[in-house]
Amino acid sequence: MVLANKSLFKDRALIGGEWVSAVSGVDYDILNPATGERIASVPDMGKVEAELAIKNAKDAGKEWKRKTAKQRANIIRRWYDLIVENKEDLAYLITLEQGKPLAESRAEVDYGAAYVEWFAEEAKRINGDVIPGPAEDRRVVVVKQPIGVVAAITPWNFPVAMITRKVAPALAAGCTIVVKPAEDTPLVALAVAELALQAGITPGVFNVITAARGHEVGEVLTTHRDVRKVSFTGSTQVGRILLRQSADTIKKVSLELGGNAPFIVFDDADIDAAVSGAIACKFRNGGQACISANRIFVQTGIYDTFAEKLCAEVEKLKVGSGCTPGVLIGPMINEKAVGKVQEHVSDARKKGARILLGGERHPLGGNFYAPTVIADVTASMVINEEETFGPVAPLIRFESEAEVLERANDTEYGLASYFFTRDHSKAWRVAEALETGMVGINTGLISNEMAPFGGIKQSGLGREGSLYGIEDYLEIKYMCVGGI
Ligand code: NAP
């Protein structure tokens, strides 16, 4: 592994500012999804280490929350500067363990860093209120205080950004945090934590536990009485488990879960813009994004033209190792993920869908899947119901606005949606009717640190980023001041 800044290669977990092994001494291997080769081994931690990390976070919180907002902001800002300075190394680590093309990894570092910069600024804007009192001699004062120890559990698909979106607001609010990154992608999480230490974040404020037994660590993080908040990004299925586990100790819970995003192209759309939007939001990260278009609805008048133009663009997507120049689609994260895509495609084929492009594993073998476009997808196919999480664009024909809204909303998920039209009135109607937390109108790119990211229905609770994002890490306290 060639890193310009050697200090960023960490293969131990971080507890209380110390790089440590599992109590058992057992490690597990991290594999490169493009080659199957071992990159490193990290500690396989469990209950004991999770409890130790919580204790360290609790102890460190006493000092961290006493710092002024400006002191915390300055440290978080230094962390941002270091992330940007080390962008190339961090991007390389992402590609190595997660597989996405290097250009996308660089974009992820920028995107993840933007949350750190944003919340360094927001730290200084945690304002309270003075409310008119109920009597002449009383005043009502509202202050916001850090919630306490936070536990974060994150997925592998955006291994930097999904961490910074949680850690930065938590630290800005005055909380401390224990992070459990995904089993497959701990190395870049550890590198980002090392940069936080270099920036001057007090030991114990930011802890990272690595584990191949996510459920064991997760159980401690969601049931321990000293953890006051759980922030999870991952599948809806695991989100349900964590929400249930958090119930007994009444924790505040934020959930960023799965999606089944509709992407709607109306007859009056700019077709070329819609095709570019579909490429950006379907094939970025090989379709392994929660806000990926999962169902592409195309109105009947332009269906064939859109399909043809989309296939022409998808054909250009070069598949290969993320480190190879010009590659736009890397490997999928693991064999299980490829298996899921195969199942979805073969179910659609069996039920009458037409494969316009791809539809099988890529000739490179291993975890590579060929970019795929499928036409004539119907409501009875699994691909219409479940998140595919792969480079597969399913096209569904529709006739009217009312029909497509009914079908787009007919899902338990409500994360993101997209549509393309040139009709101003329709744009308002459709945007208001779509049951999702985020709507892209004539664009396939909706995520940035200034906007509230999050879903409704079974796609989650709470918002990340934006001026709303810090609220999830704060408690409101009201003081009634009498005798005036
Ligand atoms: P996942 O299987 O739910 O895993 C997410 C995290 O939870 C990982 O760290 C995983 O650890 C851990 N985990 C799994 N089972 C657990 C349990 N029983 N107790 C505690 N922790 C547990 O999801 P994924 O496959 O990594 O990520 C893909 C999913 O994330 C998709 O559904 C995607 O839509 C969603 N996602 C949502 C957003 C959003 O912002 N809404 C963003 C990105 C991804 P291991 O790695 O050890 O299994």
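Residue positions are counted from 1 within each chain, in the order its sequence is given. Under the rules for a predicted model, residues below a pLDDT of 70 receive no local features and side-chain atom pairs below 80 are neither given nor counted, while totals for whole chains, interfaces and linings still include all residues. Side-chain measures here rest on the full set of heavy atoms in the structure, leaving out hydrogens and waters.

1. Observations regarding the overall build of the protein
Then, in step 1: Across its full length, the protein holds 14 helices and 22 strands.
Then, in step 2: Its C-alpha atoms give the protein a radius of gyration of 23 Å, near enough to 23 Å, the size a compact globule of 484 residues would have.
Then, in step 3: Counting only C-alpha atoms and orienting by the principal axes, one finds that the protein spans roughly 70 × 60 × 40 Å.
Then, in step 4: Put simply, the protein has 484 residues, and 57% of those count as buried.
Then, in step 5: A contact between two residues is defined here by any heavy atoms of the two lying within 4.5 Å. Once local pairs closer than 6 in sequence are excluded, the contacts in the protein between residues at least 24 apart make up 72%.
Then, in step 6: Surface exposure here means Shrake-Rupley accessible area, sampled with a 1.4 Å probe, where a residue is shielded only by the protein chains that are shown. Accessible surface for the protein amounts to roughly 19200 Å². Of this, 52% is attributable to carbon and sulfur atoms. Segments assigned H or I by DSSP are reported as helices when at least four residues long, segments assigned E as strands when at least two residues long, and all are numbered from the N terminus. Our radius of gyration looks at C-alpha atoms and nothing else; its globule reference is 2.2 Å times the residue count to the power 0.38. Buried means the residue's accessible area, taken with a 1.4 Å probe over protein chains only, is under 20% of the maximum for its type, while exposed means over 50%, and partly exposed covers the values in between.

2. Re the packing of aromatic side chains
In this description, a pair of aromatic rings is defined by centroid distance and the angle of the planes.
Then, in step 1: The rule is short: rings of Phe, Tyr and Trp, with Trp giving its six-membered ring, pair when the centres are within 6.5 Å, and they are stacked under 30 degrees, edge-to-face over 60, tilted in between. Counted under the stated rule, the structure contains seven aromatic pairs.
Then, in step 2: Between the aromatic rings of phenylalanine 263 and phenylalanine 420, the centroid separation amounts to 5.3 Å while the plane-to-plane angle is 35°, which identifies the pairing as tilted. Here phenylalanine 420 lies in strand 18 (residues 416-420) and phenylalanine 263 lies in strand 12 (residues 261-265), a separation of 157 residues in the sequence. Here phenylalanine 263 matches phenylalanine 420 in class, with each residue buried.
Then, in step 3: Arranged with centres 6.4 Å apart and planes meeting at 80°, the rings of phenylalanine 266 and phenylalanine 419 form a pair that is edge-to-face. Of the two residues, phenylalanine 266 sits in the loop between strand 12 and helix 9 (271-283) while phenylalanine 419 sits in strand 18, which places them 153 residues apart along the sequence. No difference in accessibility class separates phenylalanine 266 from phenylalanine 419, as the two residues are buried.
Then, in step 4: Through successive ring pairs, a cluster of aromatic residues spans Phe263, Tyr418 and Phe420.

3. Side note on the nonpolar core
Inside soluble globular proteins, nonpolar side chains tend to come together where they are buried.
Then, in step 1: Membership of the largest hydrophobic core comes to 106 residues, with the highest contact counts inside it found for Trp79, Phe206, Phe306 and Leu310.
Then, in step 2: Among the elements that make up this core, the one with the highest residue count is helix 6 (residues 187-199) (ten residues).
Then, in step 3: Boundary definitions for the domains trace back to an automatic or database domain assignment. Each of domain 1 (6-257 + 459-479) and domain 2 (261-448) contributes no fewer than three residues to this core.
Then, in step 4: Ignoring any residue separated from it by four or fewer positions in sequence, one finds tryptophan 79 in contact with Val116, Thr164, Val167, Ala168, Val192, Leu195, Ala196, Ala199, Ile201 and Phe206.
Then, in step 5: Listed in part, the 30 residues of the second largest apolar core include Trp156, Ile374, Ala427 and Leu434. Buried residues of nine kinds, namely Ala, Val, Leu, Ile, Met, Phe, Trp, Tyr and Cys, make up a nonpolar core once their side-chain atoms join them within 4.5 Å.

4. Comments concerning the state of the cysteines
Then, in step 1: Cysteine sulfur atoms that come within 2.5 Å of each other are treated as a disulfide pair. This structure, assessed with the given rule, holds zero disulfides.
Then, in step 2: Cysteine 281 takes part in no disulfide bond, and the closest cysteine sulfur to it belongs to cysteine 290, at a distance of 11 Å.

5. Focus on the pairing of strand 6 (residues 139-146)
Then, in step 1: Here, a strand pair is defined by DSSP locating no fewer than two bridges between the strands. Note: strand 5 (residues 129-131) against strand 6, three bridges, orientation antiparallel. Bridging across to strand 6, valine 130 finds its partner in valine 141.

6. As for the domain arrangement of the protein
Then, in step 1: Each assigned domain of the protein is listed here: domain 1 (6-257 + 459-479) and domain 2 (261-448).
Then, in step 2: Summing both sides of the interface, domain 1 and domain 2 together bury roughly 1900 Å²; the carbon and sulfur share of this comes to 56%.
Then, in step 3: On the domain 1 side of the interface with domain 2, the three residues burying the most area are Pro33, Trp156 and Ser459, jointly 25% of the side's total.
Then, in step 4: A pairing counts as a salt bridge when a side-chain nitrogen of Lys or Arg comes within 4 Å of a carboxyl oxygen of Asp or Glu. Along the contact surface separating domain 1 from domain 2 lie one salt bridge.
Then, in step 5: When the shortest N-O distance is used, the salt bridge between arginine 240 and glutamate 412 registers 3.6 Å.
Then, in step 6: Polar contact is the term for a pair of N or O atoms within 3.5 Å; when the atoms are in protein, one must be able to donate a hydrogen and the other to accept it, and sequence-neighboring residues count only if both atoms are side-chain atoms. If you look at where domain 1 meets domain 2, you find eleven residue pairs in polar contact (both at pLDDT 80 or more).
Then, in step 7: Listed by contribution, the elements that provide at least two residues to the side of domain 1 that touches domain 2 are helix 3 (87-98), helix 4 (102-122) and helix 8 (236-246).
Then, in step 8: The class makeup of the residues in the side of domain 1 that touches domain 2 is ten nonpolar, six polar and eight charged. The term buried area denotes the loss of accessible surface (1.4 Å probe radius) that occurs when two parts are joined, taken as the sum for both partners. Here the term charged refers only to Asp, Glu, Lys and Arg, the term nonpolar to Ala, Val, Leu, Ile, Met, Phe, Trp, Tyr, Cys and Pro, and the term polar to all other amino acids, Gly among them.

7. Section: the site of the ligand
Then, in step 1: Taken together, 28 residues lie around the ligand, and Thr154, Glu183, Ser235, Leu257 and Glu387 are the ones closest in.
Then, in step 2: At a separation of 3.0 Å, an oxygen atom of the ligand approaches a polar side-chain atom of lysine 180.
Then, in step 3: In the environment of the ligand, a nitrogen atom lies 2.8 Å from a nitrogen or oxygen atom belonging to the backbone of leucine 257.
Then, in step 4: Compared with its free state, where it exposes 910 Å², the ligand has 86% of that area covered by protein.
Then, in step 5: Sorting the residues of the shell around the ligand by element identifies helix 5 (161-173), helix 7 (214-223), strand 10 (227-233) and helix 8 as the ones contributing at least two each. The criterion for a residue being near a molecule or strand is simple. One of its heavy atoms has to lie within 4 Å of it.

8. Looking at the sheet that holds strand 5
Then, in step 1: Taking strand neighbours across the sheet as the criterion, the three strands line up as 5-6-22 in an open arrangement whose pairing is antiparallel. Only two strands of the sheet have a single neighbouring strand rather than two, namely strand 5 and strand 22 (474-481). On average, each strand axis in the sheet is inclined to that of its neighbour by 25°, with strand direction left out of account.
Then, in step 2: Bridge analysis of strand 6 against strand 22 gives eight bridges, and the strand direction is antiparallel. Interaxial angles span 0 to 180 degrees and are taken between N-to-C directions of axes, which are lines fitted to C-alpha atoms, for helices over the stretch in contact.

9. Considerations on helix 5
Then, in step 1: Here the expected length of a helix is defined as 1.5 Å per residue gap, with one fewer gap than residues. The end-to-end C-alpha distance of helix 5 is 18 Å, a good match for the 18 Å that 13 residues give at a rise of 1.5 Å each.
Then, in step 2: Where burial is concerned, most of helix 5 is hidden: 13 out of the 13 residues are buried.
Then, in step 3: Trailing helix 5 by a residue or two, glycine 174 shows a phi angle of about 100°, which is positive.

10. A closer look at the pattern of salt bridges
A side chain with one charge may pair with a side chain of the opposite charge, provided their charged atoms come close.
Then, in step 1: Under the criterion given, the structure shown has 29 salt bridges.
Then, in step 2: Note that lysine 62 and aspartate 59 form a salt bridge whose closest N and O atoms lie 3.5 Å from each other. Within this pair, lysine 62 and its partner aspartate 59 are both found in helix 1 (residues 47-64), separated by three residues, close to a single helical turn.
Then, in step 3: With relative accessibility at 47%, the residue lysine 62 sits in the partly exposed group.
Then, in step 4: The class of aspartate 59 is partly exposed, set by a relative accessible area of 35%.
Then, in step 5: In this structure, a network of salt bridges that share partners links the residues Asp11, Arg12 and Asp27.

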